[in-house]
Amino acid sequence: MAFPATRMRRLRKTGLLRDMVRETELSPSHLVYPMFVELGTDSRSPIEGMPGIERLSISRAVEEAGAVHALGVPAVLLFGIPAEKDEQASGAYDEEGVVQLAVRAIKEAHPELVVITDVCLCAYTSHGHCGVVRDDGEVDNDISLELLAKTANSHAAAGADAVAPSDMMDGRVGALRVQLDAEDHKETPIIAYSAKFASAFYGPFRDAAGSAPAFGDRRSYQMDPANADEAVREALLDVEEGADVVMVKPALPYLDVIREVKDATRAPVAAYNVSGEYAMVKAAAAAGQIDERAAVLEALTGIRRAGADIVITYHAKEAAEWLR
Ligand code: PBG
């Protein structure tokens, strides 16, 4: 006796019905494209390990942002590479700093594109830590909060549509919210990197931003990859402090965390498919070992299925082309 066809098999055979019952949708409208902006004139500098991604001068970033937007990607996330770094990360909150200038230029050229800025000190400090380091070598949480709030405020003043604190200092979402409200940026949303794990997958990013810590590591302020309950607690705390979107980062090793954070908060959730995840796919594809297009669309669909409303990915531009 032949086995009866399963219900899904019957549906799959009718292409239209298969499409109608598909549970997860992936479209360019869910994606955010991260960009590295540097000072300089019409420059593009390649980033080791991240083929296709470059550090761009502001004029080039304006062009690239326009190209990505034209493909249906609604938002970019900006990281700045300052000319100078110092102990106080002064480039981070300089009104004429690289991110502030880039935000103004991109918003002027592409007013409909959502411009999100990463708020952290690590690319601006001479030692590469995400906060201010005291004489005893420890990161000072509370002094760092003041500078982070100042940074977020300067981004909002330049026209950023949303700010995304990635530093993981305690109390930073509340500190940013208070400052933004006080400075007339009540409507600027906070996309909080709530569950940011101390991950090996940030390697290529740190080369790109020149932000690898000169001493120690980030384990005192980033999370232990073993902890999912803690991730949920952090996300709930951030929502309480005023986060409009909570983020899990990296994405693929933490799909369970994305789901748990979604279920626990019922808030909009973003997931960051980080530089090392991108580099792995690019390396395997370059070696002819995987079909890049199929692998990327599968991975991004998986991140969406896990519960992410928004997926931040260096593949956004290519994925948008493939999804057209
Ligand atoms: C800054 C920051 C990092 C990333 C985003 N914001 C690096 C880090 O924590 O070292 C990583 C992004 C990526 O790897 O793509 N704190």
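The model shown is predicted, which means the values in this text are computed figures rather than measured ones.

Sorry if this is basic, but what is going on with the overall build of the chain here?
Helix and strand counts for the chain come out as twelve helices and twelve strands. Against the compact-globule benchmark of 20 Å for 324 residues, the chain has a radius of gyration of 20 Å, which places it among compact chains. When the backbone C-alpha atoms are referred to their principal axes, the chain occupies close to 80 × 45 × 40 Å. The 324 residues of the chain split such that 55% are buried. Excluding contacts between residues fewer than 6 apart, the proportion of contacts in the chain whose partners are at least 24 apart in sequence is 74%. Total accessible area computed for the chain in this model is approximately 14,700 Å², and 51% of it derives from carbon and sulfur atoms. Charged side chains of the chain number 33 positive and 51 negative; the gap between the two group centres comes to 11 Å.

Can you help me understand the pairing of strand 5 (residues 114-119) in this one?
Each regular strand displays side chains that alternate between the two surfaces of the sheet. With five of six residues buried, strand 5 is to be regarded as a mostly interior element. Both strand 4 (residues 75-81) and strand 5 contribute to a ladder of four bridges, which runs parallel. Residue pairing in the sheet places Val76 in a bridge with Val115 of strand 5. Since strand 4 and strand 5 lie parallel, the crossover through helix 4 (residues 98-109) that links them has a hand, and here it is right-handed.

Mind showing me how you'd approach the packing of aromatic side chains here?
Here the distance between the centres and the angle between the planes together describe a pair of aromatic rings. All chains considered together, the criterion is met by eight aromatic pairs. For the pair Phe79 and Phe205, a centre-to-centre distance of 4.9 Å together with 75 degrees between the ring planes defines the contact as edge-to-face. Here Phe205 lies in helix 7 (residues 203-209) and Phe79 lies in strand 4, a separation of 126 residues in the sequence. Given the relative accessible area of 15%, Phe205 is considered buried. Centroid distance Tyr272 to Tyr314: 6.1 Å. Interplanar angle 45 degrees. Geometry classified as tilted. Placement of Tyr272 in strand 11 (residues 269-273) and of Tyr314 in the loop between strand 12 (310-313) and helix 12 (316-323) is noted, with a sequence separation of 42 residues between them. Residue classification places Tyr272 among the buried positions, given a relative accessible area of 1%. Over the ring of Tyr202 we find Lys196, and its NZ or CZ is 5.7 Å from the ring centre.

Help me understand the site of the ligand in this model?
Looking at the ligand, there are 18 residues lining it, with Lys196, Arg206, Lys249, Ser275 and Tyr314 nearest. The side chain of Gln222 places a nitrogen or oxygen atom 2.9 Å from an oxygen atom of the ligand. Tyr314 places a polar side-chain atom, nitrogen or oxygen, 2.6 Å from an oxygen atom of the ligand. Alone, the ligand offers 400 Å² of accessible surface; in the complex the protein occludes 100% of this. Put simply, the ligand lies in the largest cavity. When the residues that make up the shell around the ligand are grouped by side-chain class, the tally is ten nonpolar, three polar and five charged.

Looking at this structure, how should I read the environment of Lys249?
For Lys249, the position within the fold is in strand 10 (residues 245-249). With relative accessibility at 8%, the residue Lys249 sits in the buried group. Residues Lys249 and Arg206, spaced 43 residues apart in sequence, show a C-alpha to C-alpha distance of 15 Å. Excluding residues within four positions of it along the chain, Lys249 makes contact with Tyr193, Ala195, Lys196, Phe197, Tyr202, Tyr272 and Val274.

I would appreciate a short explanation of helix 4 in the present structure.
For helix 4, with twelve residues, the first-to-last C-alpha span of 17 Å sits near the 16 Å given by 1.5 Å per residue. Of the surrounding elements, those touching the buried residues of helix 4 are strand 1 (31-38), helix 3 (58-70), strand 4, strand 5 and helix 5 (141-158).

What is the right way to read the nonpolar core from this model?
Most often, soluble globular proteins keep nonpolar side chains buried together rather than apart. Residues Phe36, Leu77, Leu78 and Tyr272 are the most contacted members of the largest nonpolar core, which totals 107 residues. Considering each element in turn, this core owes the most residues, seven residues, to helix 5. Once residues lying within four places of it in the same chain are set aside, the contact partners of Leu78 are Met35, Val37, Ala102, Val103, Ile106, Val115, Ile116, Thr117 and Asp118.

Honestly, unusual backbone geometry in this entry has me stumped. Any pointers?
As a rule of thumb, non-glycine residues mostly have phi less than zero, and peptide bonds are mostly trans rather than cis. With an omega of -10 degrees, the peptide bond between Lys249 and Pro250 qualifies as cis. With respect to the helices and strands, Pro250 occurs in the loop between strand 10 and helix 9 (255-265). For Asp42, which is not glycine, the phi dihedral falls at a positive 50 degrees. In this fold, Asp42 is placed in the loop between strand 1 and strand 2 (44-46).

What exactly am I supposed to notice about a nonpolar patch on the surface here?
A cluster of nonpolar side chains, Met8, Leu16, Leu17, Met20 and Val21, forms an exposed patch at the surface whose accessible area comes to about 480 Å². Among the elements that take part in the nonpolar patch, helix 2 (residues 15-20) stands out by supplying three residues, more than any other. Its location among the elements puts Met20 in helix 2.

Each value, and the rule that gives it
Throughout this document, residue positions are counted from 1 along each chain, in the order its sequence is written. At least 70 in pLDDT is required for a residue's local features to be given in this predicted model, at least 80 for side-chain atom pairs to be given and counted, and no such filter applies to totals for whole chains, interfaces and linings, which use all residues. The basis for every side-chain value is the complete set of heavy atoms in the structure, and neither hydrogens nor water enter the calculation. Numbering of helices and strands runs from the N terminus; a helix is a DSSP stretch of H or I covering at least four residues, while a strand is a stretch of E covering at least two. This radius of gyration counts C-alpha atoms alone. The globule rule is 2.2 Å times how many residues there are, raised to the power 0.38. Relative accessibility thresholds used throughout: buried, under 20% of the residue-type maximum; exposed, over 50%; partly exposed, between the two (1.4 Å probe, protein chains only). Contacts are assigned to residue pairs with any non-hydrogen atoms lying within 4.5 Å of each other. Accessible areas in this description were obtained via Shrake-Rupley with a 1.4 Å probe; residue shielding takes into account the shown protein chains only. Note that His is not counted, nor are the chain ends; the positive residues are Lys and Arg, and the negative ones are Asp and Glu. By convention, the point assigned to a charge is CZ for Arg, NZ for Lys, CD for Glu and CG for Asp. In this description, strands pair whenever DSSP reports at least two bridges between them. Convention used here: a crossover is right-handed provided that the path from the first strand, over the helix, to the second strand proceeds clockwise when the strands point away from the viewer. Here the aromatic set is Phe, Tyr and Trp, taking the six-membered ring for Trp, and pairing holds for ring centres within 6.5 Å; pairs whose planes are under 30 degrees apart are stacked, those over 60 apart are edge-to-face, and all others are tilted. Consider the ring centre and the ring normal. A charge sits over the ring if Lys NZ or Arg CZ is within 6 Å of that centre and within 35 degrees of that normal. Residues are labelled near a given molecule or strand when at least one of their non-hydrogen atoms is within 4 Å of it. Any pair of N or O atoms that falls within 3.5 Å is considered a polar contact. Within protein, one atom must be able to donate a hydrogen and the other to accept it, and sequence-neighbouring residues count only if both atoms are side-chain atoms. We place a 1 Å grid over just the protein atoms. Points where a 1.4 Å probe fits but has no way out form a cavity, open points with protein on both sides within 12 Å along at least 5 of 7 lines form a pocket, and any residue with an atom within 4 Å of a point lines it. Should more than half of a molecule's atoms lie within 2 Å of a pocket's or cavity's grid points, that molecule is taken to sit in it. Any residue that is not Ala, Val, Leu, Ile, Met, Phe, Trp, Tyr, Cys, Pro, Asp, Glu, Lys or Arg is counted as polar, Gly included; the first ten are nonpolar and the last four charged. Every helix has an expected span of 1.5 Å times one less than the residues it contains. In these notes, a set of buried Ala, Val, Leu, Ile, Met, Phe, Trp, Tyr and Cys residues joined through side-chain atoms within 4.5 Å is what counts as a nonpolar core. In this scheme, patches are assembled from residues that exceed 30% relative accessible area and form no salt bridge. Like charges are connected within 9 Å, while nonpolar side chains (Val, Leu, Ile, Met, Phe, Trp, Tyr) are connected within 5 Å. Any Lys or Arg side-chain nitrogen located within 4 Å of an Asp or Glu carboxyl oxygen qualifies as a salt bridge.

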